[in-house]
Amino acid sequence: MAVVSWMEILLLTGLVVGCYWNSLSCGFVFDDVSAILDNKDLRPATPLRNLFLNDFWGTPMAEERSHKSYRPLTVLTFRLNYLFSELSSASYHLLNVGLHSVVCVLFLRFCRLFLDKTSSLVAALLFAVHPIHTEAVTGVVGRAELLSSIFLLAAFLAYTRSNGADQSIGETTFTVDLHQYCPPENRTMRCMLLLFTLPMLLDTLLQVLRGKDGFPYAVLQTLLKLIVLIISTLLLVIIRVQVIQSQLPVFTRFDNPAAVSPTPARQLTFNYLLPLNAWLLLNPSELCCDWTMGTIPLVESPLDLRNLATLAFYSLLGLLAFHSLRHSHSSAKTVLMALSLIVLPFIPASNLFFPVGFVVAERVLYVPSMGFCVLVAHGFRIVSHKRHLRKISWLMIGVLLATHAVKTFNRNWDWESEYTLFTSALKVNKNNAKLWNNVGHALENQNNYEKALRYFLQATRVQPDDIGAHMNVGRTYKNLNKSKEAEDAYLVAKSLMPQIIPGKKYATRVAPNHLNVYINLANLIRTNDSRLEEADQLYRQAISMRPDFKQAYISRGELLLKMNKPLEARDAYLRALELDSTNADLWYNLAIVNIEMKEPSEALKNFNHALELNPRHKLALFNSALLMQESGEPRFRPEANRRFLTYVQEEPDDANGYFNLGMLAMDANENTAAERWMREAIRLQTGFRSALFNLALLYSQSRRELDALPVLDELLRHHPEHVKGLILKGDILMNHKKDTQGAKVCFQRILSMDPTNVQGKHNLCVVYFEERDLPRAERCLEETLALAPHEEYVRRHLGIVRGKMAAMSVAGQPLSPASAEGAATPSMKEEKKGGGGKEEEEGRGATGSAGAGSKKNVRKSSSAESLSGNIQSELLDDGQADKQQRTKSKSTKEIKDIEKKRAAALKRLEEIERILSGD
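The rules behind each value
- Residues numbered from 1 in each chain as written.
- Predicted model: local features only at pLDDT ≥ 70, side-chain atom pairs only at ≥ 80, totals over all residues.
- Heavy atoms only, no water.
- Helix = DSSP H or I, 4+ residues; strand = E, 2+ residues; numbered from the N terminus.
- Buried < 20%, exposed > 50% of the residue type's maximum accessible area, 1.4 Å probe, protein only.
- Areas by Shrake-Rupley, 256 points an atom, 1.4 Å probe, with all protein chains shown as cover.
- Salt bridge = Lys/Arg side-chain N within 4 Å of Asp/Glu carboxyl O.
- Axes fitted to C-alpha atoms, helices over the stretch in contact; angles between N-to-C directions.
- Left-handed = near helix turned anticlockwise from the far one by under 90°.
- Contact = heavy atoms within 4.5 Å.
- Nonpolar A, V, L, I, M, F, W, Y, C, P; charged D, E, K, R; others polar.
- Disulfide = S-S within 2.5 Å.
- Expected span 1.5 Å × (residues − 1).
- Core = buried A, V, L, I, M, F, W, Y, C linked by side-chain atoms within 4.5 Å.
- Phe/Tyr/Trp six-rings, centres within 6.5 Å; stacked < 30°, edge-to-face > 60°.
- Lys NZ or Arg CZ within 6 Å of the ring centre and 35° of its normal.
- UniProt positions renumbered as here; feature names shortened; annotations may be inferred.
- Parallel < 35°, antiparallel > 145°, perpendicular 65-115°, else oblique.

## Concerning the overall build of the protein chain
Move 1: Along the protein chain, the regular secondary structure elements total 42 helices and 0 strands.
Move 2: Among the 919 residues that make up the protein chain, the fraction classed as buried is 52%.
Move 3: As displayed, the protein chain offers around 41100 Å² of accessible surface, 59% of which is attributable to carbon and sulfur atoms.

## Let's talk about the pattern of salt bridges
Move 1: Applying the stated criterion across every chain, the model contains 33 salt bridges.
Move 2: A salt bridge links E534 to R531, with the shortest nitrogen-to-oxygen separation between them at 3.0 Å.
Move 3: Ionic pairing is found between E639 and R642, a salt bridge with its closest N-O pair at 2.6 Å. Highlighted residues: E639 and R642, both in helix α28 (residues 637–650), separated by 3 residues, approximately one helical turn.
Move 4: According to the relative accessible area criterion, E639 is partly exposed, its value standing at 26%.
Move 5: Here the residues in one salt-bridge network are D536, R540, R556 and E568, joined through shared partners.

## Some remarks on the packing of helix α32 (residues 705–718) against helix α33 (residues 723–735)
Packed helices, taken two at a time, are described by their axes: the angle between them and the distance between them.
Move 1: Relative to each other, α32 and α33 sit at 145°, their axes nearing to 10 Å. Between α32 and α33 the crossing geometry is left-handed. Mapping the contact onto sequence places E705, A708, L709, L712, D713, L715 and L716 in α32 and G725, L726, L728, K729, I732 and L733 in α33.
Move 2: A breakdown of the residues in the contact of α32 with α33 according to their chemical character gives 9 nonpolar, 1 polar and 3 charged.

## Some remarks on the state of the cysteines
Move 1: For the structure shown, the criterion picks out 1 disulfide.
Move 2: The disulfide bridge from C765 ends at C780, spanning 2.0 Å between sulfur atoms. Between C765 and C780 the sulfur-sulfur dihedral comes to about -85°; the bridge is accordingly left-handed. Residue C765 is located in helix α35 (residues 758–770), and its partner C780 is located in helix α36 (residues 774–787); the two are separated by 15 residues in the primary sequence.
Move 3: C780 sits in the buried class, given a relative accessible area of 3%.
Move 4: Here C111 is not disulfide-linked; the sulfur of C373 is the nearest cysteine sulfur, at 7.9 Å.

## Quick look at helix α30 (residues 671–684)
Move 1: Taking 1.5 Å as the rise per residue, α30 with 14 residues should run 20 Å; its terminal C-alpha atoms sit 20 Å apart, in good agreement.
Move 2: Residues of α30 that are buried: A673, A674, W677, M678, A681 and I682.
Move 3: Among the structural elements, α28, α29 (655–667), α31 (689–701) and α32 are those in contact with the buried residues of α30.

## Quick look at unusual backbone geometry
Move 1: In the segment running from T263 into P264, the intervening peptide bond is cis, with an omega of 5°.
Move 2: Here P264 lies in the loop between α10 (217–243) and α11 (265–282).
Move 3: Positive phi is not limited to glycine here, since F30 has a value of about 55°.
Move 4: Tracing the backbone through its elements, the reader meets F30 in the loop between α1 (6–20) and α2 (31–37).
Move 5: You can call F30 buried: its relative accessible area is 16%.

## Some thoughts on the nonpolar core
Move 1: Ranked by internal contacts, the top residues of the largest apolar core, which has 214 residues, are F107 and F110.
Move 2: Looking at this core element by element, the count peaks at 10 residues for helix α4 (residues 89–111).
Move 3: In terms of nonpolar packing, the next biggest core, distinct from the first, is built from 13 residues, V75, F78, Y82 and V140 among them.

## Some points on the packing of aromatic side chains
Move 1: According to the stated counting rule, one finds 20 aromatic pairs in the structure shown.
Move 2: Seen in terms of ring centroids, F380 and W394 are 5.0 Å apart; in terms of plane orientation they differ by 85°. Their pairing is edge-to-face. Pair noted here: F380 is in helix α14 (residues 368–384) and W394 is in helix α15 (residues 387–414), with a separation of 14 residues, a long-range link.
Move 3: Judged by its relative accessible area of 43%, W394 is partly exposed.
Move 4: Between F622 and F644 the ring centres are 5.6 Å apart and the planes differ by 75°, which places this aromatic pair in the edge-to-face class. Of this pair, F622 sits in helix α27 (residues 618–631) while F644 is found in helix α28, placing the two residues 22 residues apart along the sequence.
Move 5: Judged by relative accessible area, which is 12%, F622 ranks as buried.
Move 6: Judged by relative accessible area, which is 0%, F644 ranks as buried.
Move 7: One aromatic cluster is present, formed by F107, F110, F114, F127, F156 and Y366 through successive ring pairs.
Move 8: Over the face of the ring belonging to F636 we find R635, whose NZ or CZ atom lies 4.2 Å from the ring centre.

## Comments concerning the UniProt feature "transmembrane region" (unreviewed entry) in the protein chain
Move 1: Taking the numbering used here, the UniProt-annotated feature "transmembrane region" (unreviewed entry) corresponds to residues 90–111, 215–239 and 335–358.
Move 2: Annotated as 100% helix and 0% strand, the span residues 90–111 places its first and last C-alpha atoms 32 Å apart.

## Examining the packing of helix α22 (residues 532–545) against helix α23 (residues 550–562)
Move 1: Contact geometry of α22 with α23 gives a least axis separation of 9 Å together with a crossing angle of 160°. The orientation of α22 relative to α23 falls into the category roughly antiparallel. The two elements α22 and α23 cross, and the hand of that crossing is left-handed. Of the residues in α23, those in contact with L532, A535, D536, Y539, R540, A542 and I543 of α22 are A552, Y553, S555, R556, L559 and K562.
Move 2: In the contact of α22 with α23, the residues fall into 8 nonpolar, 1 polar and 4 charged.

Shown next, in the form of structure tokens:
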């Protein structure tokens, strides 16, 4: 075997890099999206064993919707790419270019078995630049063809270079067995090895039978090799059948129209595809990424002129095969091996023996193009040996290589994005509705819905019975807020669905994704509360058509929650979990049902299930941490804090995560951390109501009331109706700024919005008391008592004020501020001094609902101070007088414990308010 020199390796590698370097700027397009972006098997969190249980797209092989494309080694290389660069497309394309270079070098060594040094290099150069390879090299999913070709060539080279039987059997069988994990269209090396070995074996046997030679040991070696190859091939066929669960994949007439066509259209069309593929190798000028649907019209009659191309193809193939089998010279063997490379790898993808999911696929011509290149190089050798044609042959091969290299380089730009890829395909073929749909999808991903709609509508005109096209039209109308048009489009798609035939399996006659028409239509109409039952009927219809339709159970569970049927919703999610217990979203949804059913422990358990499957599940992280926080149990705080921290790593721009970290820090009395988190939440979300109020509350609790005022001003600028903010601001203004007029404005604003607000009214009475306007304070309390006749503390306060008025009347003191100038001033100072001891907790007490509680600082003071202090405190906190009496008899430690619990209750109420109001 001739050795490949380093110069030849560098030449091939440089040529490949020169043709494909621009592919590094291409993204993930077409099938790459499903195989790379949407494939969970690439993620490190997915167990490696899943690679051997799922198909190429990450779908379990046992599921009917699986394409049965079993390529775990290819997926493993994707996973290695993800490990080093995650979803950076450049690294995936770079590896593909490197693998293509390796294939070119191995192909050169392969050609040296049949061709001379020059013509074998010509074959390798032509293979390196052939434009038909852009789909296999520039398309990331084409790596399956690249790896399969490497194993194919390596196995053949290992077989031919070995001398000992044991070495040959072991090395070759292992290498060829790797084809079990490669595309089925390339798993034909054993047939090629048989064709390579049989002529030699038959020739030797004829010599023995004629008595010209003894039975050589080499024949025994060869027979042993053949026996091992045949047995291992049968074993791999059995394993392959087991892997695909003894089921062929389900394809629709849209994927391969000829497959469901009657005789003779099916046979005539499939046979016509053979010369069409050969033409793509001869003239790769018009390449297309998708040849399904109406790209190639059916050959429905024997009189169709295209049948002449089929006859010509078979005639040429037959003549070449006859010539190579009739003669035994080296040229005949070269032609025979080239034909083997063209025909044998292509047979599984030819549709002749069983249907596949495509009409024409350029990437499956990767290996057959090797045989084509060998034929071209062999012809070049024959022509170049004729002196008068030598220069012309070199010129022609030079022009061929140059034009192919330029075409390949330019074709790579088509794969830059999905939009460029599918628009380039539409230039070649306008009769494929799938291409119109895919351009629409590309525009839809850019939020260009108006333009996308035009492409989707054109798809429905090109293929009126395309269910997917009508679904796309409906979805786009929905995105454009045209519900009526969307519903009409979905109804058209639904009308195109085949009717259920009793006793016949529905899933075998329609693509599973077409069942989404029921889901989409139900999701659309359930926005109307009067049509919830109608939506539920659609979900149930989808489930009846396909009992393993997981998405139908998920969507129905959401609807049942909306219909206030949590038990049925739980049953729907449990059924979905039976179908897919490794789906983190399902466990999350079940946890939400548990919350609706007031089962927090079960909810937390299911949130934890979701996080075990996906530790970065953002919604499960947030809501489980929130559930722990709302439980109020200190033992949950560290884990809740960890989950919120993980959440903000995943969603660094979500203010809610930082806000809840701040709330946890407030619960733990970590005021510095709480302030930092609240500030971050406010920075991310201007006017964040709950964060602003709780930050002000935090300052108030930390005796930084004056720092709270600017925060409250910002809160009220964005939310002027915030009652608790007005109460807290009024308290700070009155007790710390001594601004009774400012406080009065705050409380009056509350009453202007809600005249029945007891707290606002109550606190306004305090202002009147501070202003020494006892008659007005009395009237105010009387009005408050009328609003809340069952509030005993209001009645007591009214009694206190009336008692004070009576005492002052007896003493001859004036009851109103106007007549109390001078003489009353010392008394007012005394009272304000007493009230100041309770300013901090009064503001916070007023923020909660009745009975929410606030901090209390019980001080000894004069009777006047006690009166003022009691009135202020009790007016601002419903039922606080009784609590004060109980608090006086408790120890300092008990007081602090009560204060902590009450402060936590206040913050919890504010948290609940945030959740209910959607902040």
